[in-house]
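Each chain is listed here by its residues.
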Amino acid sequence: MKKTSASKSRFHQALLYFCVDLTDGVSVRMATLWLFLGLTLLFLRGKTEARPVENYSNEITSHRDLSLDFKEKYFKQILDHFNYNSLGNGTYDQRYLITDKYWKKGYGPIFFYTGNEGDISEFARNSGFMVELAAAQGALLIFAEHRYYGKSLPFGKNSFKIPEVGLLTVEQALADYAVMITELKEELGGQTCPVIVFGGSYGGMLSVYMRIRYPNIVAGALAASAPILSTAGLGDPRQFFQDVTADFEKFNPACRDAVQGAFQKLNTLAQQKDYIRIQSAFSLCKTPSSPKDIHQLNGFLRNAFTMMAMLDYPYSTHFMGSMPAFPVKVACEIMLNGTDLMSALRDTVGIVYNNTGELTCYDLYSLYVECADPTGCGLGFNSYAWDYQACTEIEMCFESNNVTDMFPAMPFTEQQREQYCLNRWGVVPRPGWLKTQFWGNDLSTASNIIFSNGDLDPWANGGIRKSLSPSLIAITIPEGAHHLDLRESNPADPESVIVARKKEAEIIAQWVKTARKEPL
């Protein structure tokens, strides 16, 4: 590449010779010769520049400046990858988002997001690090939507009926991604391009599973905030809500005491059946009338603290709802400055449920739906899908107990889960299956996986916190909430996430380089 300036000067010299007195035959022949040489050098220079280079910059710049343009497309996907009789080779339309804006076509890597429990456009909008990394490393970007979520409904409005919902499994979702990757690589001329999968939370779990199940297709995985242990039934069921509590306690121990005190006052009124006062204190649309309603209220309140702990980012966000910067701090300030603990608790959960201030009262059963996931399933069709998964393969028998956490005692045992799932979906969970199928904590023979976790994230201790080998790398982000490292760069980012992203970028670049030498 250092010959560029010389090539230019020789070409200019050829043009100069061409402009001599053309009445001189010798001059004409010399001019023609120099012009030919100049054009040849320019052609060779162009050929040299067209060669792919591996030394992409690992310097990440915010994708706010990259004006990304995803295209929404649909892939004809097999309905049932594992049964040739039930549906034959029937298909459904699986949505994906794609951009080749930064791709070194046919050579650059493919960055593939393993969609999780929601609309894929939400994850694309909140995973800006992938965009920044694609720009730095010349990658093709694909965000694939998980079957039964968003617009990828295999049976349309009937998708959540029985038995149609039965094709909603982790294994089917992984097979979807494997087939999509393989066929799109062929279609786009990227057969030799290394694939790196990315995901956050459940999507991060899927990225781990893709690397384990399809190492012939996937060269490496970045699993951000992936609770692969706790969702496989491993660990302490009290851990999650203990860690939610710890976030608020770290800001100010008095905050924990205030929240716990508010719940205790609520419990006292419930025991006295003073439902009218409870309705007034929490601005409920309807007066509670039974222990069931009080249980729903407790779940509604606890869920708000779960959301604030997960999304405790240093700037305002619009992911899974709108949240102010440092919502844990904002919540504690409200709790500690209120004149009455219960009204302060009401105003605190308003950060999650009434951020616009437009609600005049809370409808408990429309704003929060209890399900097989004690941390919350969300609302709408996506909540049906996640509830079903929590009743089958994903194990989340988490509980609060008012001893190791600040919440009322709300147990959720295997027996309670089994009864709920049998009533709701007609299925009986199979504890331990996820551990059997995807290795649980016995990952020593796997390779090329980054497990990133933030210390502010209540899901973190349900994942891999220590490196297991030179290629199974744990990255800790002390000031990080739920998969903060996947988000776009922001001036308010703590130094720890900047360092984490830099390390992730370097590791991924090395995986891509190695995969070129060892074709998959």
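Residues numbered from 1 in each chain as written. Predicted model: local features only at pLDDT ≥ 70, side-chain atom pairs only at ≥ 80, totals over all residues. Heavy atoms only, no water.

The protein appears in an unreviewed UniProt entry as Dipeptidyl peptidase 2 isoform X2 from Danio rerio.

Trainee: Whenever I open this one, the packing of aromatic side chains confuses me. Can you help?
Mentor: For any two aromatic rings, the description comes down to two numbers: the centre-to-centre distance and the angle of the planes. Across all of its chains, the model carries 25 aromatic pairs by this definition. Ring centres 5.1 Å apart and planes at 55° place the aromatic pair Tyr 202 and Trp 386 in the tilted group. Within this pair, whereas Tyr 202 is found in helix H6 (residues 202–213), its partner Trp 386 is found in helix H14 (residues 380–392), the two being separated by 184 residues in sequence. Taken together, Phe 240, Phe 241, Phe 248, Phe 263, Phe 305, Phe 398, Phe 407 and Trp 459 form an aromatic cluster joined through their ring pairs. In this structure, Arg 424 is placed above the aromatic ring of Trp 425, and the distance from its NZ or CZ to the ring centre is 3.9 Å. For Arg 487, the ring lying beneath its charged end belongs to Tyr 313, and the centroid distance is 4.7 Å. (Phe/Tyr/Trp six-rings, centres within 6.5 Å; stacked < 30°, edge-to-face > 60°. Helix = DSSP H or I, 4+ residues; strand = E, 2+ residues; numbered from the N terminus. Lys NZ or Arg CZ within 6 Å of the ring centre and 35° of its normal.)

Trainee: Would you mind showing me how to read helix H5 (residues 170–188) here?
Mentor: With 19 residues, H5 should reach 27 Å at 1.5 Å per residue; the first-to-last C-alpha distance of 27 Å fits that figure. Burial of H5 is extensive: 14 of the 19 residues sit out of reach of the surface. Gly 189 sits one or two residues past H5 and shows a positive phi near 75°. (Expected span 1.5 Å × (residues − 1). Buried < 20%, exposed > 50% of the residue type's maximum accessible area, 1.4 Å probe, protein only.)

Trainee: What am I meant to see in the pairing of strand S2 (residues 91–99) here?
Mentor: Each regular strand shows side chains that alternate between the opposite faces of the sheet. Most of S2 is tucked away, with seven of its nine residues classed as buried. Relative to S2, strand S1 (residues 71–78) runs antiparallel, the two sharing eight bridges. Across the sheet, residue Phe 75 finds its bridge partner in S2, namely Gln 94. In terms of strand pairing, S2 meets strand S4 (residues 140–144) through four bridges, oriented antiparallel. By the bridge assignment, Ile 98 is partnered in S4 with Ile 142. (Pairing = 2+ DSSP bridges.)

Trainee: Honestly, the state of the cysteines in this entry has me stumped. Any pointers?
Mentor: Chemically, a disulfide is nothing more than a covalent bond linking the sulfur atoms of two cysteines. A complete count under the given rule lists four disulfides for this structure. The residue that forms a disulfide with Cys 255 is Cys 332, at a sulfur-sulfur distance of 2.1 Å. Handedness here is read from the sign of the S-S torsion; for Cys 255 and Cys 332, about -85°, the answer is left-handed. Here Cys 332 lies in helix H11 (residues 327–337) and Cys 255 lies in helix H8 (residues 253–271), a separation of 77 residues in the sequence. For the pair formed by Cys 255 and Cys 332, the shared burial category is buried. Paired through a disulfide, Cys 285 and Cys 361 show a sulfur-sulfur distance of 2.0 Å. An S-S torsion of about 95° defines the bridge between Cys 285 and Cys 361 as right-handed. (Disulfide = S-S within 2.5 Å.)

Trainee: Which parts of the structure should I look at to understand the packing of H8 against helix H10 (residues 291–310)?
Mentor: Relative placement of two packed helices is described by the angle separating their axes and the distance separating the axes. The interhelical angle for the contact between H8 and H10, taken along N-to-C directions, is 170°, at an axis separation of 11 Å. If you check the angle between H8 and H10, you find them roughly antiparallel. Two secondary-structure elements touch here, H8 through Val 259, Phe 263, Leu 266 and Ala 270 and H10 through Ile 294, Leu 297, Asn 298, Leu 301, Arg 302 and Phe 305. Each residue belonging to the contact of H8 with H10 can be placed in one class, and the counts come to eight nonpolar, one polar and one charged. (Axes fitted to C-alpha atoms, helices over the stretch in contact; angles between N-to-C directions. Parallel < 35°, antiparallel > 145°, perpendicular 65-115°, else oblique. Contact = heavy atoms within 4.5 Å. Nonpolar A, V, L, I, M, F, W, Y, C, P; charged D, E, K, R; others polar.)

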